[in-house]
Amino acid sequence: MEKSIEVHSLGTQLSEIVESAFFVFPEICLLAFLLLILIFDLIFRQKLLWLFTITALLGLFLTTGLLLQQWSLTAESSEGLSLFSRMIQLDRLAIYFKILICVSAVFTVLISVNYKSRAGSFHLRSVKRIGEYYTVLFGLLLGAMLLSMSTHLLIIYLAIELISISSYILTNFNFDERSTEASIKYILYGGVSSGVMLYGMSLLYGLTGTLDMTHPSFQENIAAAPMILVLFAGLFTLGGFLFKISSAPFHLWAPDVYEGAPTPVVALFSVVPKAAGFVVLMRYTAHFFSQVSFDFPWQTLLAVIAIITLLLGNFAALWQKNVKRMMAYSSIAHSGFILIGVLSTSSFGMLSVLFYVSVYALMNLAAFLIIIMISRETGSEEISQYRGLGEQYPLIGVLMLIAMISLTGLPPTAGFTAKLFIFSSLWEAYQSSDNLMLLLLLVFGLFNTVVSLFYYLKIPYFMFFKKSETTFVADRFSHQRTGRRHDKFYLFDKILAIVLIFPLLILFFKSNWLIDFIHTIPFEF
Amino acid sequence: MLTAILSAYVLAPFTGMFYRKHPRIWGYLTVMLAAAIFLYLATFAPRVLEGGEVRFSYAWVPQLDIHVTFFLDGLSLFFGLLVSGFGALILWYATAYMEEAHYANRFFTYMLLFMASMLGLVLADHLILLYLFWELTSISSFLLIGYANREAEARRSALQALLVTNVGGLALLAAFLLIGQQWDTFSVEALLQTTEAAGGKHTLAIVLLLLLAAFTKSAQFPFHFWLPNAMAAPTPVSAYLHSATMVKAGIFLLFRLQPVFGDHVVWTWGLLLAGSITMVFGAVMALVQTDLKRMLAYLTISALGMMVGMTGLGTEEALQAALVYLLVHAFYKGALFMVAGGIDHQTGTRDMRLLHGLKQAMPLTMAGCVLACGSMAGLPPFFGFVGKEMVYESALHGQGFSWLLLGSTFLSSVCYVSLGLVIGYRLFFGTLTRQTPKPPTESHGPLWGAPLLLGAGGLLLGVWTEAPAYLLERGTQLISGTEAGLELSLWHGLTPALGLSLLTVLAGWGLYRGRDKSRKWLAFATGDYTLAPEQLYVTGLRRLRQVALWQTRLLQNGYLRNYLLVIFSFLVLAVLAQIIHFRLWPQALRFQLPVTVDYLYEWIPVFFMVLGLITIFGARSRLTILIATSMVGFGVAALFVFFSAPDVSMTQFLVETITLVIFMLILHRLPSHIRLESKTKFVRHLLVAILFGATMTLILLNLHGYELASPLKEYYLSHSEEEGKGLNVVNVILIDFRALDTLGEITVLGVTAIGIMTLVFLNQKK
């Protein structure tokens, strides 16, 4: 147990920090823009609202540009850089997810532009809190980017908390009762999950004497520690990650939060924290689960969690009448699918996770954008209000149809390709391990794909096959009288929707374009 | 080849978009496309029918070695020609039939989608690709059945068809995955060439799953009920999907895999039994129907049963008969459906009780109908006769229980003859009907042209048997896995089969004469029974939704306390499961460090903690509970003081205080009433709480006996005096080694204090 400790002098530590800082330019850029927006908020309060959006977009574009540069600078097979005394791991996996996060954020901002909440309290064109909105949003992004790079438990905790606290605030941005309730539930639930995770982490620290998961002594000590303690510690730590990816049984916050929070924020929640959560889960699986020496059935454990997640998510979604609540359960179910890829622990499994997450981001953002457009039109988020919209607005109807088909995982969309990869990787894992639970997972996964068909296709079904209601017809007449064409959708939104939906089709036919990218990421299995 | 399939997919949305502007042009464009595909496939005929094979491979995701591969042999070519040829004919028919329909554009879109999917299905080489197209045909069929989307009935039927076929689809996927594992290949071609006998450990499961898939798709008993309901679709759809193509997909699957599984006992028996039951059941049910289309639907079910049963018989002769009858059936059933559509279109009804004597009004329709009925009834010199003779022959020559098949074939054939008379004779002869919604007039163009073409085709093939023999020979060889030639002829000489045919016709005529009596009797006998499998489906669907609702209410009821309950229960359960799995009973625990209490006053905090706990249980107001909880917290903090951990104690005190203050601030905003509604809930919460507490205690006790690895500890202990110049290690750590950390901690506390101050003042302002 005798370990030598390297104690660096303050000087070398500071110089290492300065050196490391060069490698986190994208994050620094993001932080700078966060501060810039904060200052703008003080100067231009309630004035020049467009300036904030422009600045936010500029910041995100710049960050994405820096990330792309980072990507091109890292070698394909390099193991990545350890920065800040091994606090942060910068590798292609992290950069890929950071790019994904930033791109999603760009779309979130674009989606927010024309969003208006039910009571009209949240509308980026008029709200005085626009500065705060972007500040908190950037905080969340910063946390997510940090989380994708972290292999150090302390940083993981800090990043998760940064995401969480930003999320709590963003949830309340509708400023109505429902929003507040959701926010409070989120805080309390998040607090408990964090507590559980922290407990697990402190045990891990106690057992290994280090918080750095990549440190050799971490892995040696884990192997040497008594089984029961490792089990507890591992399980509790896992809880926090499950919370972030909204997987069972830590998923319960999602429906309330999704329903209460402003829709663009929900779109963001369903993508960014989840993506970041999955990176850290992948790293955790690689560094912790795969390292425990004894016969810890973590694959079975994750398989059980995935099965429960799939079942709970899909079956609860069947009954939902509110489209946002339905999407919440859908996102829970998708977590189950992605978990399948994570527990496959092969490079193919990781590849399928990355592909799935990317496609998932696209289709979720697209679906939420259309939900926003339609709820502005009908003033409601009930699925029954979608009656007959497909006939009135064929373009929107078709786009929604493609998004839903992709979410279900049917051809000819990328959603199908993603599911195909995930299931293939599971099949491979089953064949190499012969774990019966994995076969069961496969069966449940396929079964759930069919179940999901019901609620996803319910939306296009309402849009195309059901007659529009009388109130709606009256509305149409009133417009005819005024002689205006009854189409309140902004051209901007339409173009945005097409931009989001189109890749779903492209990636079905040419999935190798994205695969080429992902293939250059070295996985640690 | 990919271009051929994709072209239909590509044309589909454009037709949907532009059809309304130029209905004629776009309608005929679809016909041309189908015809072009037919001709394209026909160019391969010489090569393939000689026994050759053509492969088309396209890279899709080359990095993962995923390719799209199609392959063409005698069987797939035959089905491909059937799909595209009938497709062209029916699209042509539809240009007239759908003229006045709303959303005709959607109709053509869906039809093209379906045709492309069906082509993909029969041509796919990779099993997963085949599965994909299989599901796509289900989906496009769903869209087509639900075409009259304003009618609840159509929507319900569409969903039913989708669900039933989807269950089969899943079974198919499972079967394919197992095949992939057992034979280590997903290629149809490789599978067919495998010499390995079907004796692996998964074979039984594969066979059962495949049967389920084929039976749902081909509407075999007891999964037949979706097909009659699917008659809600426009008639061209029924003619195409539900007689010539989609329902044949199941048969295609059976044919395709017959060489691999043909010897398996479950396979042969399953097919034989299901086929026989379905055959008779469908024919009898058809007798009772009054709706022309439903009657035809049941006849289709029956004919499919015949093919399935023949496949189950498995002899070379039987397999030949099955394939020949498939072609026979496609011709006459397609024609009859189109006739039904034409009559419906011109008179506005399909009710057999209202329709009779249409001869004068619709002579051309009649011609097509009579020709088709002749083939259906199996009269010479129609192609139907050739088919029927072959079926009888093979049933007569079969081994074992082939008498079952023979009996059911005979029974159903009698019904066919009788129904042939009903449709082909009574519909047109006799006095002209006056009860139809629209006065009957002759339809125009394709409405009579297409069925007449098919009917005449049935006659032609019967006379010129060399043509079908040439086309089908290679296909039958592939199914049976032999090199036997196929000979078709009208005249086989005076065989028992001929006598049987004669008997059939006579019995059928008798049944027709006594139809009113027999119908009454049959209607009584089949009355409630027919709905049984469908009832099961309806109940099952309802149950599924109930389970979903129950599950949601249980877990997601909006109460935060329940959410917490779920989390804690999960953690306890997961830990318990691990403990049981690894048999980590307490003897594995280590209690090495005994806790000694030196002074009595050290018990004081413990006393306060216990007091706090007891108070919590009795308390009714939030304030009391809050204070009691803090008492426990402060007690813990005090304990740390006694056990020489002042820094930890200090932190604990601060945290407790801050928590208390924040709680107090929001306390008055919360309702004071906090009792749980019922005793059971209280007990449930208590149980989970105790279990969670016990788990944590277990962990802590275990931890207690374990020397935690901490190289830092030794470092600090050994370096504290020489580098920090202090004997109190804790002090040295706080102010020397970790001075910066301490600074940070102080800052954080300061910031928190400012935050709380703000909150307090904010409150006062309001």
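Conventions we followed
Per chain, the residues get numbers from 1 upward, laid out in the order the sequence is written. The lettering of chains begins at A and the numbering of ligands begins at 1, in the order of writing. Where totals are concerned, whole chains, interfaces and linings use all residues; where local detail is concerned, this predicted model gives features only for residues with pLDDT of at least 70, and gives and counts side-chain atom pairs only at 80 or more. With hydrogens and water excluded, all non-hydrogen atoms of the structure serve as input to the side-chain values. The helix and strand labels rest on DSSP assignments: H or I over at least four residues marks a helix, E over at least two residues marks a strand, and numbering proceeds from the N terminus. In this scheme, a residue with accessible area under 20% of its type's maximum is buried, one over 50% is exposed, and one in between is partly exposed, where area comes from a 1.4 Å probe on protein chains only. Contact definition: two residues touch when any of their heavy atoms are within 4.5 Å. We get accessible surface area from the Shrake-Rupley algorithm with a probe of 1.4 Å; when it comes to residues, only the shown protein chains can shield them. Just so you know, the count uses Lys and Arg for positive and Asp and Glu for negative, and it drops His and the chain ends. A charge is said to be at NZ when it belongs to Lys, at CZ for Arg, at CG for Asp and at CD for Glu. Computation of the radius of gyration draws on C-alpha atoms alone. For the globule rule, the value is 2.2 Å times the number of residues to the power 0.38. In this description, a line fitted to the C-alpha atoms serves as the axis of each element, helices being fitted only across the stretch in contact, and the angle between N-to-C directions of two axes falls anywhere from 0 to 180 degrees. An angle below 35 degrees is treated as roughly parallel, one above 145 as roughly antiparallel, one from 65 to 115 as roughly perpendicular, and anything else as oblique. Under the scheme applied, nonpolar residues are Ala, Val, Leu, Ile, Met, Phe, Trp, Tyr, Cys and Pro; charged residues are Asp, Glu, Lys and Arg; polar residues are all the others, including Gly. Crossing chirality is assigned from the near helix's rotation relative to the far helix, an anticlockwise turn below a right angle marking it left-handed and a clockwise turn marking it right-handed. Each pair of aromatic rings taken from Phe, Tyr and Trp, with Trp reduced to its six-membered ring, is defined by centres within 6.5 Å and is described as stacked if the planes are under 30 degrees apart, edge-to-face if over 60, and tilted in the remaining cases. On a range of 0 to 100, pLDDT expresses the predictor's confidence in each residue. Computed with a 1.4 Å rolling probe, the buried area is the accessible surface lost when two parts are put together, summed over both parts. Salt bridges are defined by distance alone: a side-chain nitrogen of Lys or Arg within 4 Å of a carboxyl oxygen of Asp or Glu. What qualifies as a polar contact is a pair of N or O atoms within 3.5 Å, subject to a donor-acceptor requirement within protein and to the restriction that residues adjacent in sequence count only when both atoms come from side chains. Only residues whose relative accessible area exceeds 30% and that form no salt bridge are eligible for patches; like-charged ones are grouped when within 9 Å, while nonpolar side chains (Val, Leu, Ile, Met, Phe, Trp, Tyr) are grouped when within 5 Å. Strand pairing is defined by DSSP finding a minimum of two bridges between the two strands.

A.B. asks: Looking at this structure, how should I read the overall build of chain A?
C.D. replies: Check the secondary structure of chain A and you find 21 helices and two strands. With the C-alpha coordinates aligned to their principal axes, the bounding extent of chain A is approximately 85 × 60 × 40 Å. Across the 525 residues in chain A, those meeting the buried criterion constitute 66%. In chain A, once contacts between residues fewer than 6 apart in sequence are set aside, the share between residues at least 24 apart is 80%. As displayed, chain A has an accessible area near 17,600 Å², and 66% of this comes from carbon and sulfur atoms. Averaging the locations of the 32 positively and 31 negatively charged side chains of chain A gives two centres separated by 15 Å.

A.B. asks: What is the right way to read the overall build of chain B from this model?
C.D. replies: A count of helices and strands for chain B gives 31 helices and two strands. A globule of 766 residues ought to have a C-alpha radius of gyration of about 27 Å, yet chain B, at 39 Å, is considerably larger. Each principal axis of the C-alpha distribution contributes one length, and for chain B these read about 115 × 60 × 50 Å. Scored against the burial criterion, the 766 residues of chain B give a buried share of 53%. Residue pairs in contact within chain B that sit at least 24 positions apart in sequence constitute 77% of those at least 6 positions apart. Carbon and sulfur atoms provide 69% of the accessible area of chain B, an area that totals close to 34,100 Å².

A.B. asks: Teacher, can you tell me more about the side chain of Ser166 of chain A here?
C.D. replies: Residues and elements named next belong to chain A. With respect to the element layout, Ser166 can be found in helix H6 (residues 153–171). Looking at Ser166, the relative accessible area reads 6%, which means it is buried. Residues within four places of Ser166 in sequence aside, it is in contact with Val136, Gly139 and Leu140.

A.B. asks: For this particular structure, what's the right way to read the packing of helix H9 (residues 227–244) of chain A against helix H11 (residues 263–287) of chain A?
C.D. replies: When two helices pack together, their arrangement is given by the angle between the helix axes and by the axis-to-axis distance. All names here are of chain A. Following both chains from N to C, one finds H9 and H11 inclined at 155°, their axes separated by 8 Å at the closest point. With respect to their mutual orientation, H9 and H11 come out roughly antiparallel. Across the interface between the two elements, Ala233, Gly234, Thr237, Leu238, Phe241 and Lys244 of H9 pack against Pro273, Lys274, Gly277, Val280, Leu281 and Tyr284 of H11. Its residues assigned to classes, the contact of H9 with H11 shows seven nonpolar, three polar and two charged.

A.B. asks: Where do I start with the packing of helix H13 (residues 323–344) of chain A against helix H18 (residues 436–465) of chain A in this structure?
C.D. replies: Residue and element names in this part refer to chain A. Across the interface, H13 lies against H18 with an axial gap of 11 Å and an inter-helix angle of 155°. Taken as axis vectors, H13 and H18 run roughly antiparallel relative to one another. Viewed along their axes, H13 and H18 form a crossing whose handedness is left-handed. Together, Val323, Met326, Ser330, Ala333, His334, Phe337, Ile340 and Leu343 of H13 and Leu438, Leu441, Gly445, Asn448, Thr449, Tyr455, Tyr456 and Ile459 of H18 make up the contact between the two elements. Split into classes, the residues belonging to the contact of H13 with H18 amount to 11 nonpolar, five polar and no charged.

A.B. asks: What is the right way to read the packing of aromatic side chains from this model?
C.D. replies: By convention here, two paired aromatic rings are described through the distance between centres and the angle between planes. For the structure shown, the criterion picks out 45 aromatic pairs over all chains. Residues Phe22 of chain A and Phe25 of chain A carry aromatic rings whose centres are separated by 6.2 Å and whose planes lie at 80° to one another, so their mutual orientation is edge-to-face. Taking the relative accessible area as the measure of exposure, Phe22 of chain A reaches 55% and is therefore exposed. Relative to Phe133 of chain B, the ring of Phe70 of chain B lies with its centre 6.4 Å away and its plane at 40°, an arrangement referred to as tilted. Placement of the pair is Phe70 of chain B in strand E2 (residues 66–72) and Phe133 of chain B in helix H6 (residues 127–145), with a sequence separation of 63 residues.

A.B. asks: Just to check I follow, could you spell out the confidence of the model for chain B for this structure?
C.D. replies: Regions with low pLDDT should not have their predicted coordinates read in detail. Across chain B, the average pLDDT comes to 80, with 92% of residues at or above 70. For this predicted complex, the interface score ipTM comes out at 0.72, alongside a pTM of 0.78.

A.B. asks: Would you explain the interface of chain B and chain A in this entry?
C.D. replies: Many descriptions give the size of an interface as the accessible area lost when the pieces come together. In this complex, chain B contributes 64 residues to the contact, which on the side of chain A involves 79 residues. Of the roughly 6,800 Å² buried between chain B and chain A, counting both surfaces, carbon and sulfur atoms make up 76%. Inspection of the chain B/chain A interface yields zero salt bridges. At the boundary of chain B with chain A, the tally comes to zero residue pairs in polar contact (both at pLDDT 80 or more). Only strand E1 (54–61), helix H5 (104–123), H6, helix H7 (152–183), helix H23 (532–555), helix H24 (560–582), helix H28 (679–704) and helix H29 (711–724) of chain B provide two or more residues apiece to the side of chain B that touches chain A. The element contributing the most residues to the side of chain B that touches chain A is H24 of chain B, with 14 residues. Each residue belonging to the side of chain B that touches chain A can be placed in one class, and the counts come to 46 nonpolar, 12 polar and six charged.

A.B. asks: Just to check I follow, could you spell out the environment of Ala753 of chain B for this structure?
C.D. replies: Residue and element names in this part refer to chain B. Within the secondary structure layout, Ala753 lies in helix H31 (residues 739–765). Ala753 sits in the partly exposed class, given a relative accessible area of 40%. Sequence spacing of Ala753 and Ile658 is 95 residues, and the spatial spacing of their C-alpha atoms is 8.5 Å.

A.B. asks: Where do I start with the pattern of salt bridges in this structure?
C.D. replies: Side chains that carry opposite charge are capable of pairing whenever their charged atoms lie near each other. Residues and elements named next belong to chain A. Counted under the stated rule, the structure contains 16 salt bridges over all chains. A salt bridge links Arg86 to Asp212, with the shortest nitrogen-to-oxygen separation between them at 2.7 Å. With a gap of 126 residues between them, Arg86 in the loop between strand E1 (81–83) and strand E2 (88–90) and Asp212 in the loop between helix H7 (177–208) and helix H8 (216–224) connect regions that are remote in the sequence. Here Asp212 falls in the buried class, since its relative accessible area comes to 4%. Linked by salt bridges that have partners in common, Arg178, Glu181, Lys185, Asp256, Glu259 and Arg325 make up one network.

A.B. asks: Just checking my understanding: could you explain unusual backbone geometry for this structure?
C.D. replies: Leaving glycine aside, a negative phi is the common case for residues, and trans is the common case for peptide bonds. Backbone geometry at Thr345 of chain A places phi at a positive 40°, although glycine is not the residue there. Residue class for Thr345 of chain A comes out buried when judged on its relative accessible area of 18%. Here the phi dihedral of Ala219 of chain B falls at roughly 55°; this positive angle occurs in a residue that is not glycine. Tracing the backbone through its elements, the reader meets Ala219 of chain B in the loop between helix H9 (203–217) and helix H10 (226–229). By relative accessible area, which is 0% here, Ala219 of chain B ends up buried.

A.B. asks: Which parts of the structure should I look at to understand a negative patch on the surface?
C.D. replies: Residues and elements named next belong to chain B. A surface patch of negative charge is lined by Glu721, Glu722, Glu723 and Asp736. Take Glu721: it is sitting in helix H29. Judged by relative accessible area, Glu721 falls into the exposed class, the value being 51%.

A.B. asks: Is there a simple way to think about a nonpolar patch on the surface in this case?
C.D. replies: Residue and element names in this part refer to chain B. A cluster of nonpolar residues, Tyr599, Tyr601, Ile604, Phe607, Phe608, Leu611, Val641, Phe642, Phe643 and Phe653, forms a patch on the protein surface that exposes about 930 Å² of accessible area. Elements that contribute at least two residues to the nonpolar patch include exactly helix H25 (603–618) and helix H26 (622–642). Per-element accounting of the nonpolar patch gives the leading share, four residues, to H25. Counting through the fold element by element, Phe643 comes out in the loop between H26 and helix H27 (646–667).

A.B. asks: In this structure, what is going on with the environment of Leu146 of chain A? I would like to understand it.
C.D. replies: Residues and elements named next belong to chain A. Along the chain, the position of Leu146 falls in helix H5 (residues 130–149). The exposure class assigned to Leu146 is partly exposed, which follows from its relative accessible area of 24%. If sequence neighbours within four positions are ignored, Leu146 has contacts with Ile88, Ile155 and Ala159.

A.B. asks: What am I meant to see in the side chain of Glu389 of chain B here?
C.D. replies: Residue and element names in this part refer to chain B. Within the secondary structure layout, Glu389 lies in helix H17 (residues 383–397). The charged side chain of Glu389 is buried without a salt bridge, its nearest counter-charge being Lys388 at 8.7 Å. Apart from the residues lying within four places of it in its own chain, the contact partners of Glu389 are His492, Thr495, Ala497, Leu498 and Ser501.

A.B. asks: Honestly, the environment of Val48 of chain B in this entry has me stumped. Any pointers?
C.D. replies: Residue and element names in this part refer to chain B. Within the secondary structure, Val48 is located in helix H3 (residues 45–49). Placed 25 residues apart in sequence, Val48 and Asp73 show a C-alpha to C-alpha distance of 5.7 Å. Those residues within four positions of Val48 in sequence are excluded, and the remaining contacts are Val54, Leu72, Asp73, Gly74, Leu77 and Arg474.

A.B. asks: Would you mind going over the confidence of the model for chain A with me for this structure?
C.D. replies: Residues and elements named next belong to chain A. Residue-level pLDDT values for chain A average 84, and 90% of them are 70 or greater. Within chain A, the element-level pLDDT minimum falls on helix H19 (residues 470–482), averaging 43, and the maximum on H6, averaging 93. Scored below 50 in pLDDT, residues 470–486 makes 13 contacts in the model with residues more than four places away or belonging to other chains.

A.B. asks: What am I meant to see in the pairing of E2 of chain B here?
C.D. replies: Regular strands place side chains that alternate from one sheet face to the opposite one. Residue and element names in this part refer to chain B. With six of seven residues buried, E2 is to be regarded as a mostly interior element. Of the strand pairs in this sheet, E1 and E2 are connected by seven bridges, and their pairing is antiparallel. Pairing of Ser57 across the sheet is with Thr69, part of E2.

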